[in-house]
Amino acid sequence: MTGEVGNNSFLRVEGITKRFGGFTALDKVSVDVVKGERFGLIGPNGSGKTTLINIISGVFRPEAGAIRFRGEDITHIAAHQRNRRGIARSFQIPRPFRSMTVLENLMVGQDFAAGDASLHSRDRAHAILQRMGLGAAANALAGRLSQVELRKMELARAMAAQPQLLVSDEAMAGLSSSEVDEVLDLLLGLSADGITIIMIEHIMHAVMRFSQRVMCLETGKIIALGEPKDVMANPRVQEAYLGA
Ligand code: ADP
Ligand code: MG
């Protein structure tokens, strides 16, 4: 899966450069993600992982390069339009509406028509929560959720778009090892359903278990891309993490 893919590739990141003022956060990053793939994205803090996701999902525009999704150049279309085309992401720092229920948090999202509290919409939201292991928490206030429940809710909000590509941005950070396994199993389940997943994560055993390929960024450049065990054994990767 490390080889070239044709023009009909699923997600194609082409020569992406992103600057913030004079600072280059991403420097000519190119990579293809294959349909159905479980793709791990690693790298020390500040290496550009979230910035790349922001470029893919449409939060930022790059200074150079292009993003293609299922053959279409989506570089200049808005985030909500990319979402409608099947790209969804969770945010590294969830910002739930704490005084609303879990179900309401899901239903205020753009994937539910504003004010549409119809039975159909509620059923759909319930089904997503069920799928994400939050069925029993549907009517709980988001402000009362545990850390792992909040992470699942963040992923559930992304899943409301019924995405073909899901990007998870450090959904496991700060969780206990059994909670890490819970989130990992959820993501593996979504993958088994056919969803392509890019997982940004620092917890290496989770990255190893999850990923078919891993890419490591350092200061906005790809320093390794390939099979998980090869990437982990790469001296540049080890140095990047030790130096962090
Ligand atoms: P990672 O997710 O790998 O920890 P980020 O992509 O969040 O890293 O950040 C990469 C670099 O870009 C960091 O140096 C960060 O400070 C900078 N950066 C990210 N977003 C912004 C922004 N909106 N404005 C200015 N600098 C930013
Ligand atoms: Mg980040």
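Refer to the preceding data block for the structure.
Presented here is an overview of the structure given in this document. Model, not experiment: these values are computed from the prediction. (Residues numbered from 1 in each chain as written. Chains lettered and ligands numbered in written order. Predicted model: local features only at pLDDT ≥ 70, side-chain atom pairs only at ≥ 80, totals over all residues. Heavy atoms only, no water.)

## Brief notes about the nonpolar core
The nonpolar side chains of a soluble globular protein tend to be buried, and buried together. Residues Leu-166 and Leu-187 are the most contacted members of the largest nonpolar core, which totals 49 residues. The dominant element in this core, judged by the number of residues it contributes, is helix 5 (residues 147-159), at 7 residues. Apart from residues no more than four positions distant in its own chain, Leu-166 is found in contact with Ala-88, Leu-155, Ala-158, Met-159, Leu-187, Leu-190, Ile-195, Thr-196, Ile-197 and Ile-198. One finds Val-13, Val-29, Ile-87 and Val-167 within the second-largest nonpolar core, a separate group that totals 25 residues. (Core = buried A, V, L, I, M, F, W, Y, C linked by side-chain atoms within 4.5 Å. Buried < 20%, exposed > 50% of the residue type's maximum accessible area, 1.4 Å probe, protein only. Helix = DSSP H or I, 4+ residues; strand = E, 2+ residues; numbered from the N terminus. Contact = heavy atoms within 4.5 Å.)

## Brief notes about the coordination of the magnesium ion (ligand 2)
In an ideal octahedron of six donors the angles at the metal are 90 or 180 degrees, and in an ideal tetrahedron of four donors they are 109.5 degrees. Around the magnesium ion (ligand 2), the protein contributes the donor atoms Thr-50 (OG1) and Gln-92 (OE1), at 2.1 to 2.4 Å from the metal centre. With a gap of 42 residues between them, Thr-50 in helix 1 (residues 49-57) and Gln-92 in the loop between strand 6 (87-89) and helix 3 (102-107) connect regions that are remote in the sequence. (Donors = N, O, S within 2.8 Å, 3.2 Å for Na, K, Ca; no water.)

## Notes on the sheet that holds strand 10 (residues 221-226)
Reading across the sheet, the 6 strands line up as 6-7-8-3-9-10 and stay open at both edges, with mixed pairing between neighbours. In this open sheet, the two strands that pair with only one neighbour each are strand 6 and strand 10. Between one strand and the next, the sheet's axes are offset by a mean angle of 15 degrees, whatever the strand orientation. With 4 bridges connecting them, strand 3 (residues 38-42) and strand 8 (residues 196-200) associate as parallel partners. By the bridge assignment, Arg-38 is partnered in strand 8 with Ile-197. Packed onto the sheet, helix 6 (residues 177-192) meets strand 3, strand 7 (165-169) and strand 8 and runs at close to 155 degrees relative to strand 8. (Pairing = 2+ DSSP bridges. Axes fitted to C-alpha atoms, helices over the stretch in contact; angles between N-to-C directions.)

## Observations concerning the packing of aromatic side chains
Tallied over the entire structure, the rule returns 2 aromatic pairs. Centre to centre, the rings of Phe-10 and Phe-69 are 5.0 Å apart; their planes meet at 65 degrees, and the pair counts as edge-to-face. Linking Phe-10 in the segment before strand 1 (11-20) with Phe-69 in strand 4 (residues 64-69), this pair joins segments that are 59 residues apart in sequence. Look at Phe-10 and you get buried, because its relative accessible area is 5%. Judged by relative accessible area, which is 3%, Phe-69 ranks as buried. Geometrically, the ring pair formed by Phe-20 and Phe-60 is edge-to-face, given 5.4 Å between the ring centres and 75 degrees between the ring planes. With Phe-20 in strand 1 and Phe-60 in the loop between helix 1 and strand 4, this residue pair connects regions lying 40 residues apart in the sequence. On the basis of relative accessibility, which here comes to 37%, the residue Phe-20 falls in the partly exposed class. Note on Phe-60: relative accessible area 25%, which makes it partly exposed. If you follow Arg-38 out to its NZ or CZ, it ends over the ring of Phe-210, 6.0 Å from the centre. Between Arg-89 and the ring centre of Phe-91, over which it is positioned, the NZ or CZ distance is 3.9 Å. (Phe/Tyr/Trp six-rings, centres within 6.5 Å; stacked < 30°, edge-to-face > 60°. Lys NZ or Arg CZ within 6 Å of the ring centre and 35° of its normal.)

## Points about the pattern of salt bridges
In total, this model carries 13 salt bridges according to the counting rule given. Of the charged contacts, one joins Asp-27 and Lys-221 as a salt bridge, the two residues approaching to 3.0 Å between their closest N and O atoms. Placement of the pair is Asp-27 in strand 2 (residues 23-33) and Lys-221 in strand 10, with a sequence separation of 194 residues. A salt bridge links Lys-152 to Glu-182; the nearest nitrogen and oxygen atoms lie 2.6 Å apart. Taken as a pair, Lys-152 in helix 5 and Glu-182 in helix 6 lie far apart in primary sequence, 30 residues in all. Judged by its relative accessible area of 10%, Lys-152 falls in the buried class. Within this structure, Asp-27, Lys-28 and Lys-221 form a network of salt bridges that share partners. (Salt bridge = Lys/Arg side-chain N within 4 Å of Asp/Glu carboxyl O.)

## Here's the deal with unusual backbone geometry
Unlike most non-glycine residues, Arg-70 shows phi in positive territory, near 50 degrees. Its location among the elements puts Arg-70 in the loop between strand 4 and strand 5 (72-73).

## With respect to the sheet that holds strand 2
Taken together, the 4 strands give an open sheet; going across it, the order is 2-1-4-5, and neighbouring strands pair in antiparallel fashion. Only two strands of the sheet have a single neighbouring strand rather than two, namely strand 2 and strand 5. Pairing geometry for strand 1 and strand 4, over 5 bridges, is antiparallel. Along strand 4, the bridge assignment pairs Arg-12 with Arg-68. Strands in contact with helix 1 are strand 1, strand 2 and strand 4; relative to strand 1, the strand with the most contacts, it is inclined by about 115 degrees.

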